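Here are the chains, one letter per residue:
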Protein chains: 4
Amino acid sequence: MSIRVTIWNEFRHEQKTESKWYPLIHSHYPEGMHKAIGEHLLAMDNDIDVAYATLDMPEHGLTDEVLDNTDVLVWWGHMAHQEVDDAIVAKVCDRVLRGMGLIVLHSGHHSKVFKKLMGTTGNLCWREDSEHCRVFNVAPYHPITEGIGDSFVIDGEETYTEYFDIPKPDDLIFISWWKGGEVFRSGCTFTRGAGKIFYFQPGHETFPTYHNPTVLKVIDNAVHWAKPVRMIEELKCPMVRPTEEDIHRALNPEDFGGEKLPANERHTWTATREPYFPEEK
Amino acid sequence: MSIRVTIWNEFRHEQKTESKWYPLIHSHYPEGMHKAIGEHLLAMDNDIDVAYATLDMPEHGLTDEVLDNTDVLVWWGHMAHQEVDDAIVAKVCDRVLRGMGLIVLHSGHHSKVFKKLMGTTGNLCWREDSEHCRVFNVAPYHPITEGIGDSFVIDGEETYTEYFDIPKPDDLIFISWWKGGEVFRSGCTFTRGAGKIFYFQPGHETFPTYHNPTVLKVIDNAVHWAKPVRMIEELKCPMVRPTEEDIHRALNPEDFGGEKLPANERHTWTATREPYFPEEK
Amino acid sequence: MSIRVTIWNEFRHEQKTESKWYPLIHSHYPEGMHKAIGEHLLAMDNDIDVAYATLDMPEHGLTDEVLDNTDVLVWWGHMAHQEVDDAIVAKVCDRVLRGMGLIVLHSGHHSKVFKKLMGTTGNLCWREDSEHCRVFNVAPYHPITEGIGDSFVIDGEETYTEYFDIPKPDDLIFISWWKGGEVFRSGCTFTRGAGKIFYFQPGHETFPTYHNPTVLKVIDNAVHWAKPVRMIEELKCPMVRPTEEDIHRALNPEDFGGEKLPANERHTWTATREPYFPEEK
Amino acid sequence: MSIRVTIWNEFRHEQKTESKWYPLIHSHYPEGMHKAIGEHLLAMDNDIDVAYATLDMPEHGLTDEVLDNTDVLVWWGHMAHQEVDDAIVAKVCDRVLRGMGLIVLHSGHHSKVFKKLMGTTGNLCWREDSEHCRVFNVAPYHPITEGIGDSFVIDGEETYTEYFDIPKPDDLIFISWWKGGEVFRSGCTFTRGAGKIFYFQPGHETFPTYHNPTVLKVIDNAVHWAKPVRMIEELKCPMVRPTEEDIHRALNPEDFGGEKLPANERHTWTATREPYFPEEK
C-alpha cells in the first residue's frame, strides 16, 4: 500500500518576484520547491503518493481530511514561520504523536511545528554563502542511509553550523563539513509518541539542492522510515485497573495454557533475595 | 559554592480543607510538600540553599530575580496546571535551555513546563490506590543513583503505568513495579539546550513519600547532577563568518605554535580517497 | 527479495533425554526450538527464507557459505555457550559489524556472540519458575512493535529481572512485569557498525513460548527491522587524502554546478565570529 | 576525597630514538606523554592524585593493587596494542564494568581495552598531517564541557575522519573539523555496567597537544565526570526469589508505614482495563 506523502511548502520565496534572488530561485523551482521534491520522488519511487499543501491555502492546506490521509508530512518553511496558525500547528503535532511521520527540511528548524515537538529553539549559526559542503554518513546501519555511501558532496549550500539547539538526536545520521570551518549535525532522527521525525539540513532556496539525486534519495528513504507503525486514535490519560480476569490469570496460569507449578515451588519462598549491589556505596 | 534550589509547589491540595483527603495530606505535609522536601534536603546536604515558590504567589513566585538566582528548579503540580501563566512557563523554559536544571516530580508530568520542554503530552495510565511499589535501579553508573541500591520499596504509592508519553529518555534511571501488574519508567533524564531535566515519579499527595529517605536521597543526587555547567546569556541564531585571522591560522598553523608541513606534504595531494564503503548498496 | 534468516539453536536441551525436563521440552519442541520458530515464521511471512544451524553441526553450521547468505541470524543458546568456537564467534561478529542483523533470544544474553558485541557480561537476575508475565510496549513508534498492542501476557515464563548488564539500549522496546515483583528490559535494540541487534527475553525451553503468536510476531517484525541496509565488504582503517579534484571542487564550486560567489563575498571576510557561548563559565 | 587517576601510556614512541620523529616527540614529551598529562592535571586540580603505568612495567603497571586504587584510568596506546596482555585487558574491563572510569585518548581507539568494551573495531580514516583542527562543543549541558566554549582550535593535529566504528555514543560531546575536508566525532561518552568511558581524539605523539590548556581542561573535566558512583564487588548472575517478608510487605503495606486500602478498593477490581492502543494496527 502506497505511503501517502504530503509536502508542505511555505511557497513564498518562489513567488516573491521583487526579490533580487527571484531569478535564481525561479530558475531552480519554477513551480515551487514542493513540486520539485514531489515530482522527483514520484519518478524514483512507485510506492508513494504525493499531495501538496502551502501556507496560503485555506487552513494552510492541512485540513482534517488532508491530515487524516497523510502518512508522512514533509515541511519546508523559512520567512513566514510566524504566519502558520497555532491551531494548525497543534493538529499537526497531535498527528505526529499519534503516529504520522514528519520530515523537516533546512530552515524548517525554526518552524513552529518542529520547535513545539522538540521543546527547544532550533537555533543554530549560519551563513548564506554558496560553499562546498561534504555530508558524512555516520549511521551505516540506518535505513535512511540506504544507497548512500560514506560521504557525498553538495557543491553549494548555505552554511549551517553548531551549536544547533535540538535535543540529543535518537540517531545522528549525517554530519556536514563546510569549507569555511563549520560542522553541523545535518541529519537527525527523533521520536515523539508513536511518530518518527527526521530533520535534514540541505535545501536553501537559491540552490538546486532538491534536484540533487543523493538528497532526494535520502528524503525518499526517510519517507519509508517515517511511515506510521500505527495511528493511535486518541491521546488519553486513562485510569486502569486489573480486572478479576487479569488477577485470576496471574494466579492460575494453568487455566490459560501456562504451567501449574509444583506445590512446593508455588507456595514456599525460602531463598533470600541478595541484592545485586547493596544500598550503601 | 552552594547550589541554589527553588522548590515550586502548586500548594493547593495541602490547603483544600474541604476535601476528604485533607486530614491525610495535612498529616503528612502540614506546611506543604515543598517545605517537607526543602527541610529534608537542607538537613542532609550542606551544599545547597533552598527557596520556595508556589502557584498563588505573585508571578507564581518565579520572578526574574528568583529565576536568576536559581540553579535547579524542582516542580510539583497536579490539579491546577492550567492556572500557571504561559509567560512564566516561557521564562522557566528559557532558563532551562540556557542552563538551569529542572526536576519534575510525580504529577508534574502534566505541567505546562514539562510538556513544553518534552514536546509530548506526558500522558500515562494511573490508579490512585496505595500499592506496594518496588523501584529498580537500571543505571548503576549514574550519579543520580549514588547510594541507591539495586532496588528499593515504597510501601504505598499511586500507580503509574506505561504507556508514558515522553520522548525516549537520555538515561532511564529507574523502572517501577506495582503489585497490580504495572511497570513504569519512573526515573528519566533529558537534556534541552544547556539544561538538564530529571523526571521522578513518586510523590502522590496522600502518601508520606517526601519523608522517605531513599526518595529524598534521589532528589538530592538529582540536584547535584542537574546544576548548570554554564548559563548561556542569550539564546540566539547568529550569522557567523570566519575572520581573516581564522583563515590565516588555518593556512599557516606554524604561526600559532603548530607545525609547518614539509613542502611536498603541503602542496601535493596524490593519494586517492577510497571510500570506506561505496555509494551503491 | 526474500530476507534470508538463519536460525541458530544450541539444540542440546531438546535432545537431553535423561533430564527430568525432557518430556516437557519434547512436548513443545519435538524437532527443536529452531524448527518451531522457523516453521511459524514461514507460515506467517512470505518474504523470508529460513535455514537452520545448530551447535553440533560442523563449524556449528555457520560456514562462510551459510553466513554469506544470511541477512539476519537468530540465536538461542543456554547450557553450552562455552562450546561455541571462538573463531566462529569472531566470524559472526565480523558479519554483524559489516551489516548482518542479529536477534538474540532469552538465555542468549550469555552467548559469546552477544557478550562480545555488547562489551558487557550480559548478567541478570533470574528464577526458573513459571510465572505470569506481562510485557509492556514502550516504543509504539518502532517497527518491531507493529501489530503489538500496549501490552500482552505470557502465561508462564522464566523470570528475568534487573540489573541486566547490557549497555544502554538504543531503543527500549519492551519492559516485562512478573508477579513475583520483578521488572526487566525485555526488548532492546543495539547497533554495531552497519549491523542491527535485537535482544528479546521470552523463550525458556520448558514453555511453549515459541508457539505464542505475539512472540512470533515480534520476532518476525525484528527480522524485517534488522535486515541489512548494506553489507560492507571489508572492515578497514584507511589513510585518506583529499585529491586534487576534491580541492579544486571545494574552491571552484561553479565548475560542478554550484554557484560562483560574487567577488566581494568570496574574498572579504569582515564579520567577526562571535561565539554562541563564550569560553569562560 | 581525591580522585585517584592512573595514567597508562604505551611509552614506546617517546623512547624510540632511532625514529626520524624522535627529536620532535622528545621535544614535547621528554619524560613521556603520561608525565606531561599527569603533571598538568596536578597543577590545575587539587582534588586528584596521579599514578603512572606503562606497557613495559611488570603486568604493564596494572597490578591488582594499582587497579584497586584507581578511580579513573586514562589510556594512551598506538604502536603496540597487540603487546598488551589479554589477562590484564580482562582485569581492566572487569573493573570498568564494576565502576572504574576510563578515558581513552587518540590512538587508543584501537586498544584492546576499548575494542573489548565497545564490541566494535574502533576503525576510522586518518591522515598523519599537521592540520588546523577546530573542535566544536555540541553538549553544552555536559560537565565534560565545563569552561569550554562553543569551539576551540588545535593548531595542528593528526586528521581522523568518519566512518568511526564505535557504537552510538551515549553523549556526543565534540565534533572536529579539519581543513582537508574531514569531520569526526571527537568526544564521545559510553557506559558499560557501572563504569563511564570517555573517548577523546586529540593527542598524536608528534604534537604538543597534551600541553594545550583546553585539551587538558577537557581531560580534567572527564576525570571528574568518570569517577565511580559505586564499585560493585563482584559481577554475578544470581537466582532471586521474593522472601516471605517481601510478600507480606506487598500484601500488607499498612504494616510497613503504608496505607491499608478501604476494603472495597482492596478486593474488588471492577473497572475494565482499556488498552491505551489496541492490538490490531
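Residues numbered from 1 in each chain as written. Chains lettered and ligands numbered in written order. Predicted model: local features only at pLDDT ≥ 70, side-chain atom pairs only at ≥ 80, totals over all residues. Heavy atoms only, no water.

Chemist: Help me understand the sheet that holds strand E3 (residues 72–76) of chain D in this model?
Modeler: The strands making up a sheet associate through backbone hydrogen bonding, with each pair oriented either parallel or antiparallel. Residues and elements named next belong to chain D. The mixed open sheet is built from nine strands, whose spatial order is E2-E1-E3-E4-E9-E8-E7-E5-E6. A strand with exactly one partner marks an edge of an open sheet, and here the two such strands are strand E2 (48–54) and strand E6 (151–161). For this sheet, the mean angle separating the axes of adjacent strands, direction not counted, is 25 degrees. Here strand E1 (residues 3–9) pairs with E3 via five bridges, running parallel. Note on E3: the bridge partner recorded for Ile7 is Val74. The strands touched by helix H6 (residues 213–226) within the sheet are E1, E2, E3, strand E4 (101–105), E6, strand E7 (171–178), strand E8 (182–192) and strand E9 (195–200), with E9 carrying the most contacts at an inclination of about 170 degrees. (Pairing = 2+ DSSP bridges. Helix = DSSP H or I, 4+ residues; strand = E, 2+ residues; numbered from the N terminus. Axes fitted to C-alpha atoms, helices over the stretch in contact; angles between N-to-C directions. Contact = heavy atoms within 4.5 Å.)

Chemist: What is the right way to read the relation of the copies chain A and chain B from this model?
Modeler: For the match of chain A to chain B, the screw axis carries a shift of 0.0 Å, the RMSD comes to 0.0 Å, and the turn is 180 degrees. Interpreted geometrically, this transformation is the action of a two-fold axis. When C-alpha distances to the rotation axis are compared across chain A, the minimum falls at A:Gly119, with a value of 2.6 Å. In this assembly, 100% of the residues forming the interface of chain A have copies in chain B that are likewise at the interface, indicating an isologous arrangement. (Least-squares fit on C-alpha atoms with pLDDT ≥ 70 in both.)

Chemist: Can you walk me through the pattern of salt bridges in this structure?
Modeler: Between side chains of opposite charge, pairing is possible as soon as their charged atoms come close. Within the structure shown, the criterion is met by 59 salt bridges over all chains. A salt bridge links A:Lys168 to B:Asp170; the shortest N-O distance between them is 3.3 Å. Here A:Lys168 is found in the loop between strand E6 (151–161) and strand E7 (171–178), whereas its partner B:Asp170 is found in the loop between strand E6 (151–161) and strand E7 (171–178) on a different chain. With a relative accessible area of 15%, B:Asp170 lands in the buried category. D:Asp94 serves as the salt-bridge partner of D:Arg95, at 3.9 Å between the closest nitrogen and oxygen. A network of salt bridges, in which partner residues are shared, links A:Glu59, A:Asp64, A:Asp68, A:Lys91, A:Asp94, A:Arg95 and A:Arg98. (Salt bridge = Lys/Arg side-chain N within 4 Å of Asp/Glu carboxyl O. Buried < 20%, exposed > 50% of the residue type's maximum accessible area, 1.4 Å probe, protein only.)

Chemist: Just to check I follow, could you spell out the relation of the copies chain A and chain C for this structure?
Modeler: Both copies of the chain are related through a single rotation about an axis accompanied by a shift along the same axis. Placing chain A over chain C gives an RMSD of 0.0 Å and needs a rotation angle of 180 degrees, together with 0.0 Å of translation along the axis. Taken together, the interface assignments show that 100% of the residues at the interface of chain A recur at the interface of chain C, consistent with an identical surface on both copies.

Chemist: Would you mind showing me how to read the interface of chain A and chain B here?
Modeler: By a frequent convention, interface size equals the accessible area lost on bringing the separate parts together. In this complex, chain A contributes 51 residues to the contact, which on the side of chain B involves 51 residues. Buried surface at the junction of chain A and chain B, summed over both partners, amounts to about 4000 Å²; 54% is from carbon and sulfur atoms. Run the count over chain A and chain B and you get two salt bridges. A breakdown of the residues in the side of chain A that touches chain B according to their chemical character gives 21 nonpolar, 14 polar and 16 charged. (Buried area = accessible area lost by both parts, 1.4 Å probe. Nonpolar A, V, L, I, M, F, W, Y, C, P; charged D, E, K, R; others polar.)

Chemist: Explanation requested: the packing of helix H2 (residues 33–44) of chain B against helix H6 (residues 213–226) of chain B in the structure shown.
Modeler: Helix packing geometry: the angle between the two helix axes and the distance between the axes. Residue and element names in this part refer to chain B. Where H2 contacts H6, the axes come no closer than 10 Å and their chain directions differ by 75 degrees. It follows that H2 is roughly perpendicular to H6 by the angle criterion. Here Ile37, His40, Leu41 and Met44 of H2 lie close against H6, whose contacting residues are Leu216, Lys217, Ile219 and Asp220. (Parallel < 35°, antiparallel > 145°, perpendicular 65-115°, else oblique.)

Chemist: Looking at this structure, I do not really get the state of the cysteines. What am I missing?
Modeler: Here, disulfide denotes a covalent bond that connects the sulfur atoms of two cysteines. Enumeration over the complete set of coordinates arrives at zero disulfides over all chains. Unpaired in terms of disulfides, B:Cys93 finds its nearest cysteine sulfur in A:Cys93, a separation of 15 Å. Sulfur of B:Cys237: no disulfide; nearest cysteine sulfur belongs to A:Cys125 and is 7.2 Å away. Its relative accessible area of 26% is what places B:Cys237 among the partly exposed residues. (Disulfide = S-S within 2.5 Å.)

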